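# Report on the structure
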Amino acid sequence: MSQTPDPIDDFTRIEDLPDHVDETVTLKGWLHNKRGSKGLYFLILRDGSGFVQCVAAEDNLDDTSWTAADDASQEAALAITGSVSADDRAPGGYEIQVSSIETVGSSGDYPITPKEHGIDFLMNNRHLWLRSESQWAVMRIRNRTIMAIHEFFQDRGFIQMDAPILTGNAVEGTSTLFELDYFDDQSAYLTQSGQLHGEAMAMALGKIYTFGPTFRAEKSKTRRHLTEFWMIEPEMAFYDLDMDMELAEQFVSHVVQTVLADCKAELETLQRDTEALENVQAPFPRVSYDEAVDILRSDETAEMIDERIESIKQEKEDLETEKEENQKERGQAKKWRKRQIDQREIEINKRIDEIEEELRNLPDWKESAQTFEWGNDFGGSDETVLTWHYDRPIIVHRFPAKIKAFYMKRDPEDDRLALGMDVLAPEGYGEIVGGGERATDLDFLEEQIEAHGLPQEVFDWYLDLRKFGSVPHSGFGLGLERTVSWLCGREHVRETIPFPRTIGRLHP
Ligand code: 4AD
């Protein structure tokens, strides 16, 4: 339900129907689905706040309204007036007995039908695909996630800051920079991270967070990479690595628990299994990079992968049996049951495709884990396999310095290591947070800037932070789309941002 009725609305929102049982209301929205004929239509109306079934009977309507119901095709815009009844059998628990219908805007041959469509087709029609039930749920969960993030930091006295989007500094290496011409032959980049400017702001305001778009020219096509994504980056003066990790686990737990509590309908629409999310409570297990490498190479990991192969093979067999039985039943089934069977078959086929892909990949995953060499960065499959050993997200810390950014502080106990940390989400979603404690030693940072092949002069301002009241400080970045895809149980990050940008996609 909306928090406060909007004083400007001159109609009722579907999400507010529980407040209007036995009253007559007018709803305004779009026709999501239509069933029936011969004097009776069941119209599913959607208005952005929800979905509701409207029962339109010819006997109760004047000619204009009945013609509107009769003519309405998928995505026609309608204003529907009728009385509200609570009905447990109706989808969503409420139903409208229609007394009049007005066509606001008719709809043509709508390209996205309830049948299955390929992902390229859906992405080309992203501007329309956003109207589907699944995307409705994802976008609302994204919205709740964003608000939960602000609530968390604002309640703890953090100041939100806007980092520049056009910048002269590379933050996360030079290979993924989007470069553009700036005035007077200067090089400018689209920001990869607001961190460096966030550090300056933390020295001014103590605890800050940025929340903005970031850009990386990622040349690889993976399910976890976008070229434009949103990042939340807190930066805290006087925080060491331990405090940084504590903040990260409390932050992630807060966001997950808020979405679980407030987005029940959306999670149900997405058929998200929420059991694993319920476990997301701080503290998270802390695993050093060294320990993680041992775990990957262990016999236990090899056995886990073998068991996984056996269990998904069995799942596939069971699904195939279910499919055969459904097909046998389909011949004699009633129309509604046929529709149910067809819907289930789409789900089964999708799951079988996923299982087949995983079965193809698992031997490589095993090879990668068992032969993992100290000093390398974890690949996506290594991260997935690591989290199988735990029942909630984990924090991996103290990585080899050579795979981390120039600004990371070295571990005073072992100079080969950087005081970095990553939060890995379970269920194969991988790294959602990266961060750590920042180097404070001026000479060391100058050396690192040179060693990473970065131009010293554009970092002068950054080095000033180490000259005037330098203090230990830490921070991290959480990727919004990776977090939302984990919460929603969507495999690919492209579904979690309204208009995704990837190597092959700039439109719509
Ligand atoms: O680990 P990363 O590169 O860390 C930084 O950018 C630091 N400067 C953050 C900081 O300490 N203030 O990125 C942080 C997070 C990743 O864990 C991931 O969730 C997300 O940003 N991310 C991406 N999400 C989608 N597409 C991409 N190409 C991403 N690259 C990173």
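Residues numbered from 1 in each chain as written. Predicted model: local features only at pLDDT ≥ 70, side-chain atom pairs only at ≥ 80, totals over all residues.

- Within an unreviewed UniProt entry, the label attached to the protein chain reads Asparagine--tRNA ligase, and the organism entered is Longibacter salinarum.
- On record in UniProt, under Subunit (unreviewed entry), the comment for the protein chain is "Homodimer."
- Quoted verbatim from the Subcellular location (unreviewed entry) field of the UniProt record, the comment on the protein chain reads "Cytoplasm". (UniProt positions renumbered as here; feature names shortened; annotations may be inferred.)

### Examining the site of the ligand
- Inspection of the region around the ligand gives 23 residues, with Ser193, Gly434, Gly435, Gly477 and Gly479 positioned closest.
- Of the residues that constitute the shell around the ligand, the class distribution is eight nonpolar, eight polar and seven charged. (Near = placed C-beta within 6 Å. Nonpolar A, V, L, I, M, F, W, Y, C, P; charged D, E, K, R; others polar.)

### Quick notes on the pairing of strand β1 (residues 24-37)
- Bridge count between β1 and strand β4 (residues 77-86): seven bridges; the pairing is antiparallel. The partner of Gly29 across the bridge, within β4, is Leu78.
- In terms of strand pairing, β1 meets strand β2 (residues 40-46) through seven bridges, oriented antiparallel. Bridge pairing in β2 links Asn33 to Ile44.
- Linking β1 to β2, which pair antiparallel, is a turn of two residues; within it Lys38 sits at a positive phi near 40°. (Pairing = 2+ DSSP bridges. Helix = DSSP H or I, 4+ residues; strand = E, 2+ residues; numbered from the N terminus.)

### As for the UniProt feature "domain: Aminoacyl-transfer RNA synthetases class-II family profile" (unreviewed entry) in the protein chain
- The sites that carry the UniProt feature "domain: Aminoacyl-transfer RNA synthetases class-II family profile" (unreviewed entry) are, in the present numbering, residues 139-498.
- For residues 139-498, the end-to-end C-alpha separation is 7 Å, with 48% helix and 20% strand making up the annotated structure.

### Details of the sheet that holds strand β7 (residues 166-167)
- In spatial order, the strands read β7-β9-β8; together these three strands make up an open sheet with antiparallel pairing. Where the open sheet ends on each side, the last strands, each with one partner, are β7 and β8 (178-181).
- Of the pairings in the sheet, the one linking β7 to strand β9 (residues 187-190) comprises two bridges and is antiparallel in character. Directly across from Thr167, in β9, lies its bridge partner Tyr189.

### Some words on the UniProt feature "coiled-coil region" (unreviewed entry) in the protein chain
- Within this structure's numbering, the places UniProt gives as "coiled-coil region" (unreviewed entry) are residues 260-358.
- As annotated, residues 260-358 has a helix share of 79% and a strand share of 3%, and its two end C-alpha atoms lie 28 Å apart.

### Concerning the pairing of strand β16 (residues 430-437)
- In terms of residue burial, β16 counts as a mostly covered element, since seven of its eight residues are buried.
- With six bridges connecting them, strand β15 (residues 414-425) and β16 associate as antiparallel partners. Among the inter-strand pairings, Met421 is bridged to a residue of β16, identified as Gly435.
- Here β15 folds back onto β16, and the loop between the two strands holds four residues, one of which, Glu427, carries a positive phi near 60°. (Buried ≥ 20, exposed ≤ 12 C-beta atoms within 10 Å, placed from the backbone.)

### What about the environment of Leu296?
- Inspection of the secondary structure puts Leu296 in helix α9 (residues 289-297).
- The exposure class assigned to Leu296 is buried, which follows from the 21 C-beta atoms found within 10 Å.
- Ignoring sequence-local partners within four residues, the contact set of Leu296 consists of Thr301, Ala369, Phe372, Asp382, Val385 and Leu386. (Contact = placed C-beta atoms within 7 Å.)

### Side note on the confidence of the model for the protein chain
- Averaged over all residues, the pLDDT of the protein chain is 95; the fraction at 70 or higher stands at 99%.
- Among the prediction metrics, the complex's ipTM stands at 0.99, with pTM recorded as 0.95. (pLDDT = per-residue confidence, 0-100.)

### Considering the sheet that holds β4
- Spatially, five strands are ordered β1-β2-β3-β5-β4 in a closed barrel, and the strand pairing comes out mixed. Averaged over neighbouring strand pairs, the angle between their axes works out to 50° when direction is ignored.
- As defined by bridge partners, β2 adjoins strand β3 (residues 51-57) across seven bridges and the pair is classed as antiparallel. Following the sheet pairing, Phe42 is matched in β3 by Val55.
- Those strands touched by helix α1 (residues 63-71) are β2, β3 and β5 (94-105), and its axis lies near 90° from that of β5. (Axes fitted to C-alpha atoms, helices over the stretch in contact; angles between N-to-C directions.)

### Quick word on α9
- Regarding α9, the residues found buried are Tyr289, Ala292, Val293 and Leu296. Down the axis, α9 shows its buried residues gathered within 100° of arc, on one side only.
- Of the surrounding secondary structure, the elements contacted by the buried residues of α9 are β12 (286-288), α10 (299-330), α11 (335-370), α12 (380-387) and β13 (394-400). (Arc of directions from axis to C-beta.)

### Quick look at the environment of Arg337
- Relative to the helices and strands, Arg337 resides in helix α11.
- The exposure class assigned to Arg337 is partly exposed, which follows from the 13 C-beta atoms found within 10 Å.
- The spatial distance from the C-alpha of Arg337 to the C-alpha of Ser49 is 29 Å, given a sequence separation of 288 residues.

### Considerations on the packing of helix α4 (residues 133-155) against helix α6 (residues 241-262)
- Their axes nearest at 9 Å, the elements α4 and α6 cross at an angle of 135°. When the axes of α4 and α6 are compared, the pair comes out oblique. For the crossing formed where α4 meets α6, the hand is right-handed. In this structure, α4 uses Ile141, Arg144, Thr145, Ala148, Ile149 and Phe152 to contact α6, whose residues at the interface are Phe251, His254, Val255, Thr258, Val259 and Asp262.
- Split by residue class, the contact of α4 with α6 holds seven nonpolar, three polar and two charged. (Parallel < 35°, antiparallel > 145°, perpendicular 65-115°, else oblique. Left-handed = near helix turned anticlockwise from the far one by under 90°.)

### Observations regarding the environment of Leu130
- Take Leu130: it is sitting in the loop between α3 (126-129) and α4.
- On the basis of neighbour count, Leu130 is assigned to the partly exposed category, with 14 C-beta atoms found within 10 Å.
- With 369 residues separating them in the primary sequence, Leu130 and Phe499 have C-alpha atoms 9.3 Å apart.
- Residues within four places of Leu130 in sequence aside, it is in contact with Gln135, Met139 and Pro498.

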